[in-house]
Amino acid sequence: MENVAEALKQTPRASSLVENLNSRLRNYFFLRKSLSDSYLSLLQFFLNHRRFIRSQVSERVGKSHRELMTGNAHPHWLEMLGFQRFKRARSLHSLPDWPTLIAGPISAASVTQN
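None of these values were measured; they are calculated from a predicted model.

1. A short note on the overall build of the chain
For step 1, the next point in the chain: Within the chain, the secondary structure is distributed over seven helices and zero strands.
For step 2, the next point in the chain: Secondary structure elements in the chain, listed N-terminal to C-terminal, are α-α-α-α-α-α-α.
For step 3, the next point in the chain: Counting every position in the chain, which comprises 114 residues, the buried fraction comes to 9%.
For step 4, the next point in the chain: In the chain, of all internal contacts separated by at least 6 residues, the share reaching a separation of at least 24 is 19%.

Following this line, the structure appears as structure tokens:
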């Protein structure tokens, strides 16, 4: 019993942790009148398997909470649910310039002929 009392004395008691968690979860509850168990389970799965895009700790980038805890890689969370991910179309940066798209490539010979 003394160990429990000592642990409670050393544990910081603040509502900031709870407020931080609530502020992060509030975005997922927007426009919902009620939260079903299935929605909360899906949200839990998503949050545990979503990979970090950026982090102050470089070892976390590109890894999910589950990968960090177990050390084992896993497929994308949508693939784990049985969905097939779509492939992105080519970005505008990989397309040629507009004159090339409209009139074809402009060469020095075609410019000097006119």
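2. Focus on the packing of helix α2 (residues 16–29) against helix α3 (residues 37–49)
For step 1, the next point in the chain: At a minimum axis distance of 12 Å, the contact between α2 and α3 shows a crossing angle of 120°. Considering their axes alone, α2 and α3 lie oblique with respect to each other. For the pair α2 and α3, the crossing hand works out as right-handed. The segment α2 lies against α3, with Leu 25, Tyr 28 and Phe 29 engaging Tyr 39, Leu 40, Leu 43, Phe 46 and Leu 47.
For step 2, the next point in the chain: Split by residue class, the contact of α2 with α3 holds eight nonpolar, no polar and no charged.

3. Some points on the confidence of the model for the chain
For step 1, the next point in the chain: Overall, the prediction assigns the chain a mean pLDDT of 77, with 78% of residues at 70 or greater.
For step 2, the next point in the chain: The secondary-structure element of the chain with the lowest mean pLDDT is helix α6 (residues 98–103), recorded at 50, while helix α4 (residues 65–70) shows the highest, at 89.

4. Observations concerning the layout of surface pockets
For step 1, the next point in the chain: Approximately 520 Å³ is the volume attributed to the largest pocket.
For step 2, the next point in the chain: Lining the largest pocket are 14 residues, with Arg 24, Leu 47, Arg 50, Phe 52 and His 65 sitting closest to its centre.
For step 3, the next point in the chain: In terms of residue count, α2 provides more of the lining of the largest pocket than any other element does, four residues in total.
For step 4, the next point in the chain: Classifying every residue of the lining of the largest pocket gives six nonpolar, three polar and five charged.
For step 5, the next point in the chain: For the lining of the second largest pocket, the per-class residue count stands at three nonpolar, two polar and two charged.

5. Description of a nonpolar patch on the surface
For step 1, the next point in the chain: A cluster of nonpolar residues, Leu 42, Leu 81 and Phe 83, forms a patch on the protein surface that exposes about 290 Å² of accessible area.
For step 2, the next point in the chain: Mapping Phe 83 onto the fold places it in the loop between α5 (77–80) and α6.

6. Comments concerning the environment of His 76
For step 1, the next point in the chain: Inspection of the secondary structure assignment puts His 76 in the loop between α4 and α5.
For step 2, the next point in the chain: For His 76 and Ser 64, which are twelve residues apart along the polypeptide, the C-alpha to C-alpha distance reads 9.6 Å.
For step 3, the next point in the chain: If we skip the residues at most four places from it in the chain, His 76 touches Arg 51 and Arg 85.
For step 4, the next point in the chain: A distance of 3.1 Å separates a polar side-chain atom of His 76 from the backbone nitrogen of Leu 78.

7. Some words on α3
For step 1, the next point in the chain: The end-to-end C-alpha distance of α3, which contains 13 residues, comes to 18 Å, matching closely the 18 Å that a straight helix rising 1.5 Å per residue would cover.
For step 2, the next point in the chain: Of the residues making up α3, those classed as buried are Tyr 39, Leu 43, Phe 46 and His 49. Down the axis of α3, the smallest arc covering the buried residues is 145°, so these residues share one side. Exposed side chains of α3 directed beyond 90 degrees from the buried face belong to Asp 37 and Gln 44.
For step 3, the next point in the chain: Buried-residue contacts for α3 involve α2, α4 and α5.

The rules behind these values
- Residues numbered from 1 in each chain as written.
- Predicted model: local features only at pLDDT ≥ 70, side-chain atom pairs only at ≥ 80, totals over all residues.
- Heavy atoms only, no water.
- Helix = DSSP H or I, 4+ residues; strand = E, 2+ residues; numbered from the N terminus.
- Buried < 20%, exposed > 50% of the residue type's maximum accessible area, 1.4 Å probe, protein only.
- Contact = heavy atoms within 4.5 Å.
- Axes fitted to C-alpha atoms, helices over the stretch in contact; angles between N-to-C directions.
- Parallel < 35°, antiparallel > 145°, perpendicular 65-115°, else oblique.
- Left-handed = near helix turned anticlockwise from the far one by under 90°.
- Nonpolar A, V, L, I, M, F, W, Y, C, P; charged D, E, K, R; others polar.
- pLDDT = per-residue confidence, 0-100.
- 1 Å grid on protein atoms, 1.4 Å probe; cavity = no way out; pocket = protein on both sides within 12 Å on 5 of 7 lines; lining within 4 Å.
- Points joined across faces, edges and corners; volume = space filled by probe spheres on them.
- Patch = residues over 30% accessible without salt bridge, like charges linked within 9 Å, V, L, I, M, F, W, Y side chains within 5 Å.
- Areas by Shrake-Rupley, 256 points an atom, 1.4 Å probe, with all protein chains shown as cover.
- Salt bridge = Lys/Arg side-chain N within 4 Å of Asp/Glu carboxyl O.
- Polar contact = N/O pair within 3.5 Å; in protein donor to acceptor, adjacent residues only side chain to side chain.
- Expected span 1.5 Å × (residues − 1).
- Arc of directions from axis to C-beta.

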